[in-house]
Every structure is written in C-alpha cells, then in structure tokens.
Amino acid sequence: MDRRQELAARREAMGFTQESLAQKLGVEASTVGRWERGTLTPQPWRRPRIASELKLSLAELDALLNPSTSGAAPADATISRRDVMRDTALLTGTVLAHRWLPAGTVAEASSDGAALQGLPSTTAAVTRLHETYQAARYAEVAGALSTVADAITALMSTSQGQERRQALILRCSAAVVEAKLATKTGDGAAARVAAERAKAAADDADDPFGQAAAAYQMTCALLKLDQAAVAEELAVGAAASMTGDDPRRISWAGALTLIAAIIAARRNDLATARGRLDTAQRLADRLGRDTNIGYTAFGPTNVTIHRMSAAVALDDPYQLLATSERLDLMRMPTGLRGRRAQFHLDSAWAHTQIDEDALAVLHLLETDRIAPEIVYTSRTAHNLIRDLMARERRRDVPGLRELAIRTGVAA
C-alpha cells in the first residue's frame, strides 16, 4: 500500500471522512484530499494538530507523508549529516572531481581530478553545477568548480565560430555559479570578481540572458559589500532592459524585480517593495506557471516566497505567516531545495518573533531535513537556534537541543 494511501486508511480507521477531518483542522476538505493524493504536503505548523487527531506521533505522521524509496537515491536527495559536517569545510577547499561529475562525462582520472572533454560533456557539467547549487549541496559545487573552469578554458582554446560563442556562454554560466557560492559564504569581494567575469563572457558572446544573470549576481555581491544603493540601481535597470514576451526575458525581468523589491524592503520602503512585488506577480502571471528558466526559479510561488522574505526585512512576522498560508511548495519545480529551505527558514524566524517556539523548531528541523548545509552554514539559522535555546523549555521544543548540538551552536 502506498504511504499516502496509508494516510487515508488511518483517517478512515479513526472514523473521519475527509470533510469531518477538514472541519476539525480548519481547512477545506479538498485540502485533505490533496494531502492524501500526494499533490500537497501539510505545512509543518499544521502537523502537530493532524498527528493529534489521527493519534499518531509526529515521526509516524512524517512517515505517512514521505513515502520511503528503494534503490538509488534521487538526484536531489540530501546527503547525510555526517557527510555535511565533513564536507562543509570543503566550501573553501577542494573535493575529488570524480565524486561529483556525471557519469559518461569524465575522461581518464588523474591525480588532480578528472578532465572533461568537448562541448556536450562540459555543458552537462555546467548544468550539473547549477542543479547541485539549487539542491543546496554547496560543498559539492565548491569541489567541482575548478575542474569545470579548466574544461571551459580548454574548450575556449580550441573552439571557433558558434562553438566558441557557446564556450563563452558556458564561461559566463560557470562564473555565475561561482558568484552565487561566494555570496552564500559571505565573500562579497570574491562574488563581485566572479560576477565581473560572468559579465565579460556574456558581453563577448553578445548574450543578453548571460548579461542579466551577471547583473543579478553583481547585485547580490554589492549587497554583501554594503553598497545597497548601487545594487538597487543595477537591478532596476537590468530588469527594465528585459522587455518582450520571451519566457526567458519575463523570467529574468521577474527575478531582477524581486531582488529589487527585497532591497527596498531592507531600507523600510514599504510602498516601493510592494509595488515591485506586484510587478513581479504580473510577470509571473504572464509566464503562467512555476518554472526554472535560466535557473531563476521564477514563477508565482517564488514571488510569494519573496513576499515572505520582504516581510522579514520589514520585521513583520504576522504578514509573513499570513502570506505563507497562500503558498504551496509542491508547485515548485523539483530540485529547488535551497528555495524550499528559505521558506522554512523565514517561517522559523516569524514564529520565533511571536514566541511560538515549537513551530519555529519544526520549521528549522524541516530546513535541516531538506537542505542540511544551509542550517550548518547559515548565520540566520544559528541566531534563531541561539534565541530559542536562550528561552528553552524542553517539553515545548522537542528536537531543539539535538539540532543545536548537531549544528555546533551548543556543545
């Protein structure tokens, strides 16, 4: 029996119809139906009530909501926590390339890694870089970057014409990943250098979408360097240049508008932030679906996640939680673990602000399950854990102390 079928069977065994359980939980009957069909997963703050009504522990409910898998792990599966603790140090080091590179793309291994050969295999490797970053496996990305960069350099030295343009586009794309990683680890200077490299390659290739990606990463780098005004001007200008109905242009206009909205929220300009979020919503509506064009993850769901992040910047936990009720993470493309984790981290912040510690910990534990490297490296996550530990009541916050120890926040 499928695990979600077991969830329905448990409901029936407890004497509930979908309608009667929905009434108990304060949701629509169709929502319960979607939980049981697997098209929607209940948010963490709803799970204690669901478990209580179904006479289950939270662990038992989690087992019913997350069907076990057999055979090989999926491509976006999280690595083990022991591996995280071992590999997080590699964010500033290296890892053997053959641990990461996709099957069929690696030439004969040598003492310093593996060599990629040709445009198709190098393109596949750059794609894997982006996918691995979006899966929040940052140590793997750090370890693979130099190998992929060397492959692109080799390709540049032998290619001409259209193949050379494709090599330049790959150089831009790999530099964008490097800039993302540097931003994630707080190194604004390195992020800026990588973004400049991405822009130079995009300019040489006359690639407007590479230029948009480079502008986005430069915006992120400038924010890390406390140059918010320059970052905002760049993002707004780059978004304005992405006109037309091409889905790629809509996606980049939307992504750049969203980061501009967050910048406005950080300077407490509520009207401008909301205006830009509404503009992004209209762009998402034109796109018509949640997508990941150009690795932007742009679409209606991502706009809602950014509304939550804007609420964090505006110090408005109640608005954040009201916004989160409209969100269905199941609609996002698969593999976007980092974006999903951001939703849970923002939710943990909101619950912490209003002293709902148990719900905050549930979201932190969900972040840890989805993307453990974020919990291990995020200053925000560590600060939240410290705040919660400072007012800990163990019976009210099960799992907090174990999480604090696992992440190194508490001895």
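Look up: the structure comes first, before these words.
I will try to describe carefully the structure that is included in this document. Small disclaimer: the values here were computed from a predicted structure and weren't measured. (Residues numbered from 1 in each chain as written. Predicted model: local features only at pLDDT ≥ 70, side-chain atom pairs only at ≥ 80, totals over all residues. Heavy atoms only, no water.)

## A short note on the nonpolar core
The test is simple: Side-chain atoms within 4.5 Å link the members of a nonpolar core, which is a set of buried Ala, Val, Leu, Ile, Met, Phe, Trp, Tyr and Cys residues. Partly exposed describes any residue whose relative accessible area lies between the buried limit of under 20% and the exposed limit of over 50%, with all areas from a 1.4 Å probe on protein chains only and scaled to the type maximum. A helix here means a DSSP run of H or I that spans at least four residues, while a strand means a run of E at least two residues long, and both kinds are numbered starting from the N terminus. Contacts are residue-level and defined by heavy atoms, with any inter-residue pair within 4.5 Å sufficient.
Residues L129, L364 and I385 are the most contacted members of the largest nonpolar core, which totals 55 residues. No other element matches the 9 residues that helix α8 (residues 138–158) contributes to this core. In contact with L364, other than residues within four places in its own chain, are L345, A348, V375, L384, I385, L388 and L403. Judged by nonpolar contacts, the second largest core, of 44 residues, contains A195, A238, L256 and A273.

## Focus on the pattern of salt bridges
Using the following cut-off: Whenever a carboxyl oxygen of Asp or Glu lies within 4 Å of a side-chain nitrogen of Lys or Arg, that contact is scored as a salt bridge.
Counted according to the given criterion, the structure contains 19 salt bridges. As a salt-bridge pair, R49 and E53 come within 3.2 Å of each other at their nearest N and O atoms. Here R49 and its partner E53 are both found in helix α4 (residues 47–53), 4 residues apart, which amounts to about one turn of the helix. Under the relative-accessibility criterion, R49 is labelled partly exposed at 41%. For E366, the salt bridge goes to R369, with nearest N and O atoms at 2.8 Å. Of this pair, E366 and R369 are both found in helix α18 (residues 357–370), 3 residues apart, which corresponds to roughly one turn of the helix. Given the relative accessible area of 8%, E366 is considered buried. Its relative accessible area of 33% is what places R369 among the partly exposed residues.

## What to know about a positive patch on the surface
Keep this limit in mind: Patch construction takes residues with relative accessible area above 30% that form no salt bridge. Like charges are linked within 9 Å, and nonpolar side chains (Val, Leu, Ile, Met, Phe, Trp, Tyr) are linked within 5 Å. The protein chains shown are the only cover counted for residues, whose accessible areas, like all others here, come from Shrake-Rupley with a 1.4 Å probe. Residues counted as positive are Lys and Arg, residues counted as negative are Asp and Glu, and His and the chain ends are not counted. Throughout, a charge is located at the NZ atom of Lys, the CZ atom of Arg, the CG atom of Asp or the CD atom of Glu.
A surface patch of positive charge is lined by K184, K224, R266 and R379. Relative to the helices and strands, K184 resides in helix α9 (residues 161–184). According to the relative accessible area criterion, K184 is partly exposed, its value standing at 38%.

## Some points on the environment of T257
Where we set the bar: As used in this structure description, the phrase polar contact means that two N or O atoms lie within 3.5 Å; if the pair is within protein, one of them must be able to donate a hydrogen and the other to accept it, and residues adjacent in sequence are counted only when both atoms belong to side chains.
Here T257 lies in helix α13 (residues 247–266). Sequence-wise, T257 and G237 are 20 residues apart; in three dimensions their C-alpha atoms are separated by 9.6 Å. For T257, the residues in contact, after removing those within four places along its chain, are A239, R276, T279, A280 and L283. In this structure the side chain of T257 is engaged in a polar contact, spanning 2.7 Å, whose partner is the backbone oxygen of A253.

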